[in-house]
Structures are given as C-alpha cells and as structure tokens.
Amino acid sequence: MYVSVLASGSTGNCVYVETPEKKMIVDAGLSGKKITSLLAEIDRTPDELDAIFVTHEHTDHIKGVGILSRKYGIDIYANELTWQAMAKNIGNIALDHRHLFEMGKTLTFGDIDVESFGVSHDAAAPQFYQFHRNNKAFAVLTDTGYCSDRIKGTIKNADAYVIESNHDVEMLRMGNYPWHLKQRILGDKGHLSNEDGALVMTELIGDKTKKLFLGHLSRENNIKELAHMTMNHTLQVHDIDTIKKVQLYDTDPDYATALFAI
C-alpha cells in the first residue's frame, strides 16, 4: 500500500491511496484542475482513480468530487446523509457512480479493505476511513472536535496516520477570527488542536506505528514548527522511546507529499 497526502488544510483536502489493484482518494476538496496537478507531482493521473471516499459535505472536502467523477467516470462513496447534504453542491452524478458507504461498515475493493468510522464534527454525518491490506493499516482522522474511545479502539496501532493538528489554542484565541468561529473550532464538533491531536496519538501509537502525517493545519492559527514541536514534546513526555521510531511528516494544501510505502 502506498499513500500520499495530496492536500490537507482548510483550503482543501485530498489523500491518495494505492495498491497493485486499486487507486483511490479520500475527499476531493480542491478544483479538478488542482487535484490533477497534485496527482502529477506523484506521477499519477485522475483517469487512473477507481474511487473517491467522501468524509463529509464541507466545501474543502467535496469541491472537486463532481467534476472528477463526471470527467473520468470515478465512483463516489459516502453515507446516505452525506449524499443528501452534498448533492446540491457536486452536481449531477450518474447513478452507476453513486454508492452508499454506511458509517461503521467495512467494504472490500479488490485487494484492499476500507473501514469507515464516525467522528464529531459539524456536518450531517461525518465519517473517516482506515485502509487495511496485508496486515497493514493506514488511518485518516481530521475534522473532529474530539477523539472518542470508540474511534481510538477502531484505529489503534495503525502503521501510519494522518492526524489533525489544526490550531494552536492561544493563537486561535488571540487571533482575528470572530468569536462564534473560535467557539466552533474549539468545540466538541470542531477541530483537534496541536495539543489534542498529540494527546490522541499517545493512545493510538503502537508497536506497528512508523509514520505520522500532521494534517489540516490552519494557516491563520498555527505554524508547522509549532505543530511539530507540540507533537514531539508530547510523545516524548509519554514515552521517550516512541518518538525515536515514529517519523513525522508535514502536509500542505498546495503541495503533495511524496508517495510513501505503508
């Protein structure tokens, strides 16, 4: 299994997953043109994609879903409430490309199993995904105000994670966002802060875990170096040996990461 975080942030999100039999993305929150450009950075093209797994209906996760599906005949998977919520924003989708992926279910696509799990976010029915192949697991978890014990039990000890590290709490509180938006981000249906994401990882990392991608960083309320420092410090405090084996990677809404083997 190979993965690349094509984009991660409030301006757009898209994660690429590849196996010998399948090529797929989680979300398509940028324009079709931009996603095509990001795929080109890892020497891939959108006409190779077999599926788009949608997490929720916010624009930074669905902006390019409709155009990519129509132009390249890509299958779209989402739960029923998400389909209803995003329908008006993605345009007409051919019936044979519309598929239900209910929360808490696992579906098999060729040589890979994809597991969905619900999160706490201000959307109709937000869910994220964990990919399983050959006893390897890759979990994507952003856009959640907190990480429940149920989620932790579902994605514990994966080989690699994209984990939300959205904001520094003090930067957000002192920043220019209106109060209602600050409350939304800080709430149980908002986003994980640097500290919260790091604390979550202290409970998720296991002996298999090797790669950790910091995702959905805010451009206004975070700094990459601060997100890294918080994650490193928190992991060291909880287990001094853990950080020696887990590699941290940046993500960005404008540039794809390298294609990593999981």
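Predicted model, so just to flag it, every value in this text is computed and none were measured. Along each chain, numbering runs from 1 in the same order as the chain's sequence is written. Confidence filtering applies because this is a predicted model: local features only for residues at pLDDT of at least 70, side-chain atom pairs given and counted only at 80 or more, and all residues used for totals across whole chains, interfaces and linings. Based on all heavy atoms of the structure, the side-chain values leave hydrogens and waters out of the count.

UniProt positions are given in the numbering used here, feature names are shortened, and annotations may be inferred rather than shown by experiment. In the numbering used here, UniProt assigns the feature "domain: Metallo-beta-lactamase" (unreviewed entry) to residues 11-216. By definition, any uninterrupted DSSP run of H or I lasting at least four residues is a helix, any uninterrupted run of E lasting at least two residues is a strand, and each is numbered from the N terminus. Across residues 11-216, helical content stands at 32% and strand content at 26%; the span's end C-alpha atoms are separated by 9 Å.

This part takes up the nonpolar core. Phe-53, Phe-131, Phe-138, Ile-163, Met-201, Leu-212 and Met-231 are the most contacted members of the largest nonpolar core, which totals 50 residues. Per-element accounting of this core gives the leading share, five residues, to strand S10 (residues 136-141). For Phe-131, the residues in contact, after removing those within four places along its chain, are Met-1, Val-17, Met-24, Val-26, Phe-53, Ile-112, Asp-113, Val-114, Lys-136, Ala-137 and Phe-138. In these notes, a set of buried Ala, Val, Leu, Ile, Met, Phe, Trp, Tyr and Cys residues joined through side-chain atoms within 4.5 Å is what counts as a nonpolar core. In this scheme, a residue with accessible area under 20% of its type's maximum is buried, one over 50% is exposed, and one in between is partly exposed, where area comes from a 1.4 Å probe on protein chains only. Listed in part, the 25 residues of the second largest apolar core include Tyr-16, Leu-49, Val-65 and Ile-76. Every residue pair with non-hydrogen atoms within 4.5 Å of one another is taken to be in contact.

Two strands form a pair only when DSSP identifies at least two bridges running between them. With respect to topology, seven strands assemble into an open sheet ordered S7-S8-S9-S10-S11-S12-S13, the strand pairing being mixed. Looking at strand neighbours, the two that pair on one side only are strand S7 (106-109) and strand S13 (247-249), the edges of this open sheet. Between one strand axis and the next, the sheet turns by 20° as a mean value, whatever way the strands run. Summarising the sheet, strand S11 (residues 160-164) and strand S12 (residues 211-215) pair through five bridges and their orientation is parallel. Among the inter-strand pairings, Ala-160 is bridged to a residue of S12, identified as Lys-211. Across the sheet, helix H8 (residues 194-204) lies against S11 and S12, angled at about 155° from S11, the strand it touches most. Note on geometry: axes are C-alpha line fits, over the in-contact stretch for helices, and angles between N-to-C directions span 0 to 180 degrees.

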